[in-house]
Amino acid sequence: MDTRSYLPVQPGVGMEENFLSLDDILLSHERLPVRTECAFPRLGFLEKSSDSQDIPEGTKMELPLWLSKGLQEKKRRVLSVELPKVYREVWRTVFNADPKMVDLHKMGPYYYGLGSQMLHFDSPENTEIGQTLLQTFIGRFRRTMDSSQNAYNEDTSMLVERLDCLEKALFRSGQSGLNGFQSWEKGQASQLTASSLVLNYRKRKMADLQQ
């Protein structure tokens with residue numbers, strides 16, 4: 001029986017978001033470099049480096065992803081979003097050369113998620129960004145899963161510290177599958193337990209009978 005008070009909700013896939021996922025909530029607060037294309041009256045408090053009451057046109061600042069997406073309009077351009085350095089051409093060349101050697105967690109714990117969200121913005125480099133994300137994932141996937149399958153009952157902190165959030169979820173999934181297989185081999189998988197729904201139903205039924 002799973003006794004955890006919170007059951008993890010999987011994040012969205014690609015450009016989609018799951019607003020019940022803690023990972024997607026944290027992802028939405030990642031800050032992006034932006035440049036204002038018009039003045040923002042009485043919003044100077046958002047720019048901590050300025051004492052002005054307003055944000056003038058052409059100001060470079062950082063805004064969270066959720067706010068940048070909300071202000072992105074095709075009809076009226078109020079701001080332009082710049083690519084974070086990890087998605088620019090220099091780093092794309094590094095990823096395309098040997099993605100397995102890159103510390104994705106240091107580059108940003110949501111490398112794949114944030115990169116997918118960047119495709120919402122009209123950047124001429126969107127095609128190259130998408131290709132690099134895909135090739136990086138493919139290039140690192142086998143090593144991630146092989147590591148998860150060869151670390152039974154071992155300290156895996158050193159293995160996962162260089163992984164992106166998505167890769168860590170895949171690693172945990174691989175570990176869970178391995179542990180389940182090991183339990184099956186030992187004959188422990190045949191032990192059946194009642195689900196939490198059944199147990200909760202029995203408790204409610206007993207409470208109704210006692211009233």
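So, here's what we can say about the structure. (Residues numbered from 1 in each chain as written. Predicted model: local features only at pLDDT ≥ 70, side-chain atom pairs only at ≥ 80, totals over all residues. Heavy atoms only, no water.)

### As for the overall build of the chain
Condition: Helix numbers and strand numbers start at the N terminus; a helix is a DSSP run of H or I with at least 4 residues, a strand a run of E with at least 2. Per-residue and other accessible areas follow the Shrake-Rupley method at a 1.4 Å probe size, with only the shown protein chains counted as cover for residues.
Counting its regular elements, the chain contains 9 helices and 3 strands. Listed by position from the N terminus, the elements making up the chain come as α-β-β-α-β-α-α-α-α-α-α-α. As displayed, the chain offers around 14,500 Å² of accessible surface, 55% of which is attributable to carbon and sulfur atoms.

### A word on the pairing of strand β1 (residues 31-36)
As a reminder of what qualifies: Between any two strands, pairing holds if DSSP finds at least two bridges.
Pairing analysis gives 5 bridges linking β1 to strand β2 (residues 60-64), with the strands arranged antiparallel. Bridging from a neighbouring strand, P33 pairs with E62 of β2.

### As for the packing of helix α3 (residues 89-97) against helix α6 (residues 126-149)
Threshold: Only the stretch in contact is used when a helix axis is fitted, and all axes are lines through C-alpha atoms; the angle between N-to-C directions ranges over 0 to 180 degrees. Between 65 and 115 degrees an angle is taken as roughly perpendicular, under 35 as roughly parallel, over 145 as roughly antiparallel, and anywhere else as oblique. By the definition used in this description, the sense in which the near helix is turned from the far one sets the handedness, with an anticlockwise turn below a right angle giving left-handed and a clockwise turn giving right-handed. Residues count as neighbours in contact if any of their non-hydrogen atoms are within 4.5 Å of one another. Throughout this entry, Asp, Glu, Lys and Arg are counted as charged residues, while Ala, Val, Leu, Ile, Met, Phe, Trp, Tyr, Cys and Pro are counted as nonpolar. The remaining residues, Gly among them, count as polar.
For the pair α3 and α6, interaxial distance at closest approach is 9 Å and the crossing angle is 30 degrees. The angle between α3 and α6 places the two elements in the roughly parallel class. Seen from above, α3 lies across α6 with left-handed handedness. Residues R92, F95 and N96 of α3 pack against E128, I129, T132 and T136 of α6. Of the residues in the contact of α3 with α6, the class split is 2 nonpolar, 3 polar and 2 charged.

### Re helix α5 (residues 111-118)
Worth spelling out the cut-off: For every residue, the accessible area (1.4 Å probe, protein chains only) is compared with the maximum for its type, and the residue is labelled buried under 20%, exposed over 50%, or partly exposed between those bounds.
The element α5 is largely enclosed, with a buried count of 7 among its 8 residues. Those residues of α5 that fall on the buried side of the exposure criterion are Y111, Y112, L114, G115, S116, Q117 and M118.

### Describing the packing of aromatic side chains
We apply this condition: Planes of paired rings set the category: under 30 degrees apart is stacked, over 60 is edge-to-face and the rest tilted, where pairs are Phe, Tyr or Trp rings (Trp by its six-membered ring) whose centres lie within 6.5 Å.
Enumeration according to the criterion identifies 6 aromatic pairs in this entry. With a centroid separation of 5.2 Å and 70 degrees between ring planes, the pair formed by Y111 and Y112 is classed as edge-to-face. Note on Y112 and F137: the rings are 5.6 Å apart at their centroids and 85 degrees apart in plane angle, and the pair reads as edge-to-face. Of this pair, Y112 sits in helix α5 while F137 sits in helix α6; the two residues are 25 residues apart in sequence, bridging distant segments of the chain.

### Quick word on the nonpolar core
Operational definition: To qualify as a nonpolar core, a set must consist of buried Ala, Val, Leu, Ile, Met, Phe, Trp, Tyr and Cys residues joined through side-chain atoms within 4.5 Å.
Judged by nonpolar contacts, the single largest core of 18 residues is most densely connected at Y87, Y111, L114 and M118. For this core, the elements supplying multiple residues, two or more each, are α5 and α6. Here this core gets 4 residues from one element, more than from any other, and that element is α5. Residues in contact with M118, not counting those within four places in the same chain, are L32, V81, E82, L83, P84, Y87 and N126. In terms of nonpolar packing, the next biggest core, distinct from the first, is built from 8 residues, C38, F40, L63 and V78 among them.

### Observations regarding the environment of G130
Tracing the backbone shows G130 in helix α6. For G130 and S116, which are 14 residues apart along the polypeptide, the C-alpha to C-alpha distance reads 7.3 Å.

### Quick notes on the sheet that holds β2
With antiparallel pairing, the 3 strands of this open sheet are ordered in space as β2-β1-β3. Across the chains shown, the open sheet's two edge strands, defined by having one partner strand only, are β2 and β3 (79-81). Sheet twist, expressed as the mean angle between neighbouring strand axes with direction ignored, is 40 degrees.

### Concerning the side chain of T59
This is how it is decided: What qualifies as a polar contact is a pair of N or O atoms within 3.5 Å, subject to a donor-acceptor requirement within protein and to the restriction that residues adjacent in sequence count only when both atoms come from side chains.
Here T59 lies in the loop between β1 and β2. Judged by relative accessible area, which is 15%, T59 ranks as buried. Engagement of the side chain of T59 in a polar contact is seen with the backbone oxygen of P56, the distance being 2.7 Å. Once you skip the residues sitting within four places of it in the chain, T59 turns out to touch V34, R35 and T36.

### A closer look at the packing of α5 against α6
At a closest axis distance of 10 Å, the pairing of α5 and α6 adopts a crossing angle of 160 degrees. Comparing their axes, α6 and α5 come out roughly antiparallel. In this structure, α5 crosses over α6, and the sense of that crossing is left-handed. Residues Y111, Y112, G115, S116 and M118 of α5 lie in contact with α6, whose contacting residues are N126, I129, T132, L133, T136, F137 and R140. Residues belonging to the contact of α5 with α6 are distributed by class as follows: 6 nonpolar, 5 polar and 1 charged.

Just geometry here; none of it tells us what the structure is for.
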